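Given next are the chains, with one letter for each unit.
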Amino acid sequence: MSDTTFEQIGRVLREHQRFAILSHVRPDGDALGSQLALALSLQQLGKHVRVWNEDGMLEKYSFLPRADLLTKPPSVAEDVDVAIALDTAIQNRLGTALAAVGSAKIWINIDHHRSNPGYGDMVIIDSRAPATGEIIFRLIKSQGLPLNHDIAENLYAAMSADTGSFQYPKTSARTFEIASELVRDGVLDVGRISQQLYESFPRRRLELLREILRTMRFSECGQVASFSLSLKTAADLAVLPEDNEGLIDHLRAVRGVIVAVFFEELADGKVRVSMRSKDEKVDVCAICQKFGGGGHTLAAGARVRGSLVEVEEKVLEEIRETLKHARIS
Ligand code: AMP
Ligand code: MN
Ligand code: MN
């Protein structure tokens, strides 16, 4: 699903001067790396670029080259020529960054979420791409936009983060070809980037894992695994929201588990639901869409109103129903 060509986007990028590049709340490495890469490329062309995210730059991604460019959005809206949403399945997941864009002549939406409805004037949604960073790479290369070491490192980090370091099923030959090109031409030190991405966590993340493992539950058949984080535990351990990114992989990694779910109590009376599937026949995006969320077939999320216990019950029931109807060998 894609109505706009890279050529059309390339033309708009060259013909305008003031840009705002945005991504989703609670950003991940793909969102932040893609934003910085595109921003740095446009800066090389002499453009005026704002790079906003509701949560600002996260501590864990502050190693990304020119991480300083990414800020929280200003409280007073700013007019730009072009606003670009990256990696954002629904427009309101831009959060306060959306409100910070006063007027924009053109809205561009570049994403890889299948559930993206295609908001904006120019839309590129490639749900086969394992990361938005891969689409940004292809845009930059095909349009002859600047690509230097800093841009390459941001793109590599984006792709590594969203592919689970080149493991998840959408990782393709093209993904490795792009990664190879980034490593070669950007002269990247893969070991160092990987260490920054996967071996530089604060100790409190492990303390958090210890606590949430105490809440771990498995369904009778062992196909559904879940755990949860209450506001109280989060406060007791003084964790940051970013600390739990990726912990769900511990559930996914268990033999026999098909669906893994993480429930996180939020301060606004909602529960953040994070879901993973290990089988294409069990589409967690469809399950999350029933709760107003979205994402990908094998990785999706939603924010559901209710207490932790209520939401756990409702969501686990929906998963049980889905598994009953899916033919799993
Ligand atoms: P997460 O579990 O937060 O890592 O998210 C998994 C995938 O689902 C990511 O690609 C998210 O962008 C997407 N996603 C998470 N929460 C939502 C939501 N509330 N609405 C739409 N998509 C979401
Ligand atoms: Mn993302
Ligand atoms: Mn992504």
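Analysis parameters
- Residues numbered from 1 in each chain as written.
- Chains lettered and ligands numbered in written order.
- Predicted model: local features only at pLDDT ≥ 70, side-chain atom pairs only at ≥ 80, totals over all residues.
- Heavy atoms only, no water.
- Helix = DSSP H or I, 4+ residues; strand = E, 2+ residues; numbered from the N terminus.
- Buried < 20%, exposed > 50% of the residue type's maximum accessible area, 1.4 Å probe, protein only.
- Contact = heavy atoms within 4.5 Å.
- Pairing = 2+ DSSP bridges.
- Axes fitted to C-alpha atoms, helices over the stretch in contact; angles between N-to-C directions.
- Patch = residues over 30% accessible without salt bridge, like charges linked within 9 Å, V, L, I, M, F, W, Y side chains within 5 Å.
- Areas by Shrake-Rupley, 256 points an atom, 1.4 Å probe, with all protein chains shown as cover.
- Salt bridge = Lys/Arg side-chain N within 4 Å of Asp/Glu carboxyl O.
- Donors = N, O, S within 2.8 Å, 3.2 Å for Na, K, Ca; no water.
- Domains from an automatic or database assignment.
- Buried area = accessible area lost by both parts, 1.4 Å probe.
- Polar contact = N/O pair within 3.5 Å; in protein donor to acceptor, adjacent residues only side chain to side chain.
- Core = buried A, V, L, I, M, F, W, Y, C linked by side-chain atoms within 4.5 Å.
- Near = heavy atom within 4 Å.
- Nonpolar A, V, L, I, M, F, W, Y, C, P; charged D, E, K, R; others polar.

1. A closer look at the environment of L45
Checked against the element boundaries, L45 lands in the loop between α2 (29-44) and β2 (48-52). L45 gets classed as partly exposed once you look at its relative accessible area, which sits at 30%. The spacing of L45 and R203 is 158 residues in sequence and 41 Å in space, taken between C-alpha atoms. Sequence-distant contacts of L45, defined by excluding residues within four places in its chain, comprise R14, L145 and P146.

2. Quick word on the sheet that holds β2
Read across the sheet, six strands follow the order β3-β2-β1-β4-β5-β6 without closing on themselves; strand pairing throughout is parallel. Edge positions in the sheet fall to β3 (70-71) and β6 (122-125), since each has one partner strand and no second. Pairing geometry for strand β1 (residues 18-23) and β2, over five bridges, is parallel. In the sheet register, I21 faces β2, and the bridge partner there is V51. On the sheet, helix α4 (residues 132-142) packs against β4 (78-86), β5 (101-111) and β6 and is oriented at approximately 100 degrees with respect to β5.

3. Focus on the pairing of β6
Of the two faces of β6, the one carrying M122 and I124 and the one carrying V123 and I125 are both buried. Note: β5 against β6, four bridges, orientation parallel. Across the sheet, the residue bridging to D111 is I125, located in β6.

4. A word on a nonpolar patch on the surface
Side chains of L213, M216 and F218 sit close together on the surface and give an oily, nonpolar patch of about 250 Å² of accessible area. Within the secondary structure, F218 is located in strand β7 (residues 217-218). Taking relative accessible area as the criterion, F218 reaches 41% and is therefore assigned partly exposed.

5. Examining the coordination of the manganese ion (ligand 3)
On the protein side, the manganese ion (ligand 3) has D30 (OD), D87 (OD), H112 (NE2) and D162 (OD) as donor atoms, found 2.1 to 2.2 Å from it. The distance between the manganese ion (ligand 3) and the manganese ion (ligand 2) comes to 3.6 Å, and D87 binds to both of them. Within this pair, whereas D87 is found in the loop between β4 and α3 (96-100), its partner H112 is found in the loop between β5 and β6, the two being separated by 25 residues in sequence. We classify H112 as buried; its relative accessible area is 1%.

6. A short note on the domain arrangement of the protein chain
A common way to state how big an interface is: give the accessible area lost once the parts meet. Here the domain parsing of the protein chain yields domain 1 (6-198) and domain 2 (203-325). For domain 1 versus domain 2, the separation of C-alpha centres amounts to 26 Å. Tallying the contact residues gives 17 residues for domain 1 and 22 residues for domain 2. The junction of domain 1 with domain 2 conceals about 1,400 Å² of combined surface from both sides, 40% of it contributed by carbon and sulfur atoms. Taken as a group, R26, R114 and S115 account for 43% of the area that domain 1 buries against domain 2, more than any other trio of residues on that side. Inspection of the region where domain 1 meets domain 2 yields four salt bridges. Between R204 and E59 there is a salt bridge, with its nearest N and O atoms 3.8 Å apart.

7. Comments concerning the side chain of N244
Residue placement: N244 occurs in the loop between α9 (231-237) and α10 (249-252). What makes N244 buried here is its relative accessible area of 4%. Here the side chain of N244 touches R272 through a polar contact of 3.4 Å, side chain to side chain. Beyond its immediate chain neighbours, meaning those up to four positions away, N244 contacts R26, L208, L229, F262, E264 and R272.

8. Looking at the nonpolar core
Membership of the largest hydrophobic core comes to 51 residues, with the highest contact counts inside it found for L13, L38, I84, I108 and L182. Excluding its chain neighbours within four sequence positions, the residues that come into contact with I108 are I9, V12, L13, V82, A83, I84, A85 and M122. Core analysis: the second largest hydrophobic core is formed by 24 residues, A300, V304, V311 and I319 among them.

9. A short note on the site of ligand 1
H113, R272, S274, R276 and H296 are the nearest of the 15 residues found near ligand 1. Here R276 contributes a side-chain N or O atom positioned 2.9 Å from an oxygen atom of ligand 1. Listing elements by their share of the shell around ligand 1, those giving two or more residues are β10 (270-277), β11 (294-295) and β12 (299-305). At five residues, the largest contribution of residues to the shell around ligand 1 is made by β12. For the shell around ligand 1, the residue count by class is four nonpolar, seven polar and four charged. Residue contributions to the shell around ligand 1 reach at least three from each of two domains, namely domain 1 (6-198) and domain 2 (203-325).

10. Comments concerning the pattern of salt bridges
Under the definition given, this model contains 24 salt bridges. Ionic pairing is found between R320 and E317, a salt bridge with its closest N-O pair at 3.0 Å. You can see R320 and its partner E317 sitting in helix α12 (residues 308-325), three residues apart, about one turn around the helix. Its relative accessible area of 36% is what places E317 among the partly exposed residues. Connected through shared salt-bridge partners, D126, R128, E134, R138 and R174 make up one network.

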